[in-house]
Amino acid sequence: MVVLKVLLVLLLVTCAQGEFQPTQSNNHANISDLLDNLLRGYDNSVRPDFGGLPAVIEVDIMVRSMGPISEVDMTYSMDCYFRQSWVDRRLAFHGAQDTLALSISMLARIWKPDTYFYNGKQSYLHTITTPNKFVRLYQDGRVLYSSRLTIKAGCPMNLEDFPMDVQRCPLKFGSFGYTTTDVIYRWNKKRQVAIAEDMKLSQFDLVDCPAENVTDTVLHSDKANNKKQKTYVAEYSMLLVNFHLQRHMGNFLIQVYGPCILLVVLSWVSFWLNREATADRVSLGITTVLTMTFLGLEARTDLPKVPYPTALDFFVFLSFAFIFATILQFAVVHYFTKYGSGECYFSAEDFNSDSGSESEDETTPLKTTDDRRKQQSTVNVSNGANMFEVIPLSLCSIPPTPTKATRRSFLEALCCRKAVEKDTIYTMSPGTTSTVHFQRHSFSAGAGVDVKSRSHRRRRRQAPRFNSVSKIDRFSRVVFPLLFLVINLFYWYSYLSRSSRLPKSSTNVT
């Protein structure tokens, strides 16, 4: 019984295989016969419904990736699935299957639209591992032709708002030879431009991609057989999609805006430096100017040589102007305070000529003190005394060239120069270079007490100035930061509002 059951099963399997193979071969034969019948007498050089209504080509695009986007060449690239669909009633059929997946070799045997990209530059079809395209045929004669393309198209950019700009890169395509009387392009009603969910751009955000139908009008002229030239108008149907790309600003905030602001703030450090520190303030200003110049040139490396300034150029120029104004400010400070630095220079002839007349006008105690000072000064010079101390002119309150009227004031200033040390006074000795130097000497107890008490009285009336600060510096410490802040607020508000930047969450991509 077991053997009989096994033989029965084998017999049934053999019969089923015998019935399936003829059916499968019949299906293959039926499809081959169907295609042969469809293409028998088919002329692929004639459009569908020739002589009647124009053929309607429905198009939709699926964007897989986008980039790179070049401002120098003003181009952008995108990888997409480009789908075209039209109805060719000569290919309508009746059968058990609703759709036939055809080989790409059938494209050479049927009519297809001569679509090309108006602003395309280096578009190509993917061919790895085989040409990435397919054809579907429906019972009503509708043909679906899909291909994977990489399109490099031109994108005329306006960089006045760079890097806060929103660029609108168009993709325009249509028929190369057929006018609107033969072929009309339309977007697919169900979907027009679809964007892959995982698509990301390094420099931009795709915020919108509106699509529309357009018609291009072209004037043609014809002159034949030496007859008059004839001009006629030809209209071509086209489709247009604009990709709205909003630029990321993070890279420019880190590499340009941040360093520019820090350099401007660094140049303000000179307002807190002593006005006599000429070398320090000049070196700080020159260093910041050179650094700002290099930063401005580096910011325009990846930009085309456009004839108009961009928003980034305005900010770099603004920062450069503030740094340069800091150097000019110090020049003004140094010009108005140039008598407050350096050494006191006197003419030895003026000094010696004034000594006799000054001593006659002075009171008796002061005359005795001056006589003792001149005596000590003469002895010190003759003995070749050293340990000279140069008094900065900021400690003096007299003009650089003493006269008879200021001789007494000069001697009083010497006594109240700073806190008088015990039993110590400064004496004056003219040097060989007509520069007045001062040297410490000790006096007797009586003379020291007399000079010390008088110096304390005069010091209350005229205190010495150390590390003098200019009023212009005090004014600049407040005005420069406030002015820079106000200009920055106006700059950012004007450009951000003019560029119509949109948040990433408000994208309207279908």
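Above this text you will find the structure in question.
As the structure is a prediction and not an experimental result, all values here were calculated from the model.

Caption draft 1: Structural detail: the packing of aromatic side chains. Counting across every chain of the model gives 22 aromatic pairs. An angle of 85° between the planes, with centres 5.3 Å apart, marks the rings of Y491 and W492 as edge-to-face. Taken together, Y257, F314, F315, Y491, W492 and Y495 form an aromatic cluster joined through their ring pairs. Between the NZ or CZ atom of K172 and the centre of the ring of Y118, over which it lies, the distance is 5.6 Å.

Caption draft 2: Summary view of the packing of helix α4 (residues 311-336) against helix α9 (residues 471-498). Put simply, α4 and α9 touch, their axes get as near as 12 Å, and they point 170° apart. By the angle between their directions, the pair α4 and α9 is classed as roughly antiparallel. On α9, the residues touching A311, L312, F314, F315, L318, F322, A325, T326, Q329, V332, V333 and F336 of α4 are I472, D473, S476, F480, L483, F484, I487, N488, Y491, W492 and Y495. For the contact of α4 with α9, the residue count by class is 18 nonpolar, 4 polar and 1 charged.

Caption draft 3: How the structure looks around the environment of T217. One can find T217 in strand β12 (residues 211-222). Note on T217: relative accessible area 46%, which makes it partly exposed. As a C-alpha pair, T217 and V233 span 16 residues in sequence and 6.8 Å in three-dimensional space. T217 has contacts with V233, A234 and E235, leaving out every residue within four places of it along the chain.

Caption draft 4: Structural detail: helix α2 (residues 250-267). Compared with an ideal rise of 1.5 Å per residue, which puts 18 residues at 26 Å, α2 spans 25 Å between its outermost C-alpha atoms and is within 8% of the ideal. The largest bend in α2 comes to about 30°, at Y257, with the proline P259 one to four residues further on.

Caption draft 5: The arrangement of the pattern of salt bridges in detail. Applying the stated criterion to the full structure yields 10 salt bridges. D473 serves as the salt-bridge partner of R281, at 3.0 Å between the closest nitrogen and oxygen. Here R281 is found in helix α3 (residues 278-299), whereas its partner D473 is found in helix α9, with 192 residues between them in sequence. Of the two residues, R281 and D473, neither departs from the other in class, the shared state being buried. Residue R300 pairs with D313 through a salt bridge whose shortest N-O separation is 2.3 Å. With R300 in the loop between α3 and α4 and D313 in helix α4, this residue pair connects regions lying 13 residues apart in the sequence. Through salt bridges with shared partners, a single network forms among D60, R83 and R191.

Caption draft 6: Representation of the nonpolar core. Grouped together as the largest cluster of nonpolar side chains are 82 residues, with contacts concentrated most on I61, V63, Y76, M78, L171, F173 and F243. If near-sequence neighbours (up to four positions away) are discounted, F173 is found in contact with V59, I61, F82, T115, Y116, F117, Y118, W187, M238 and L239.

Caption draft 7: Summary view of the layout of surface pockets. The space that makes up the largest pocket amounts to roughly 410 Å³. Lining the largest pocket we find 17 residues, and of these F162, N251, F252, Q255 and D302 sit closest to its centre. The set of elements that each furnish at least two residues to the lining of the largest pocket consists of α2 and α3. The element that contributes the greatest number of residues to the lining of the largest pocket is α2, accounting for 4 residues. The residue makeup of the lining of the largest pocket, split by class, is 7 nonpolar, 6 polar and 4 charged.

Caption draft 8: Local environment of unusual backbone geometry. That bond from G67 to P68 is cis: its omega, 5°, falls within 30 degrees of zero. P163 follows F162 through a cis peptide bond whose omega is 5°. When you line up the elements, P163 lands in the loop between β7 (142-154) and β8 (166-175). The phi torsion at D49 lies on the positive side, around 55°, for a residue other than glycine. For D49, the location among the structural elements is in the loop between α1 (2-39) and β1 (55-70). When its relative accessible area of 41% is taken as the criterion, D49 is described as partly exposed. Its identity is not glycine, yet M74 carries a phi of approximately 55°, on the positive side.

What counts and how
Residues numbered from 1 in each chain as written. Predicted model: local features only at pLDDT ≥ 70, side-chain atom pairs only at ≥ 80, totals over all residues. Heavy atoms only, no water. Phe/Tyr/Trp six-rings, centres within 6.5 Å; stacked < 30°, edge-to-face > 60°. Lys NZ or Arg CZ within 6 Å of the ring centre and 35° of its normal. Axes fitted to C-alpha atoms, helices over the stretch in contact; angles between N-to-C directions. Helix = DSSP H or I, 4+ residues; strand = E, 2+ residues; numbered from the N terminus. Parallel < 35°, antiparallel > 145°, perpendicular 65-115°, else oblique. Contact = heavy atoms within 4.5 Å. Nonpolar A, V, L, I, M, F, W, Y, C, P; charged D, E, K, R; others polar. Buried < 20%, exposed > 50% of the residue type's maximum accessible area, 1.4 Å probe, protein only. Expected span 1.5 Å × (residues − 1). Bend = angle between axes of the 7 residues up to and from the residue. Salt bridge = Lys/Arg side-chain N within 4 Å of Asp/Glu carboxyl O. Core = buried A, V, L, I, M, F, W, Y, C linked by side-chain atoms within 4.5 Å. 1 Å grid on protein atoms, 1.4 Å probe; cavity = no way out; pocket = protein on both sides within 12 Å on 5 of 7 lines; lining within 4 Å. Points joined across faces, edges and corners; volume = space filled by probe spheres on them.

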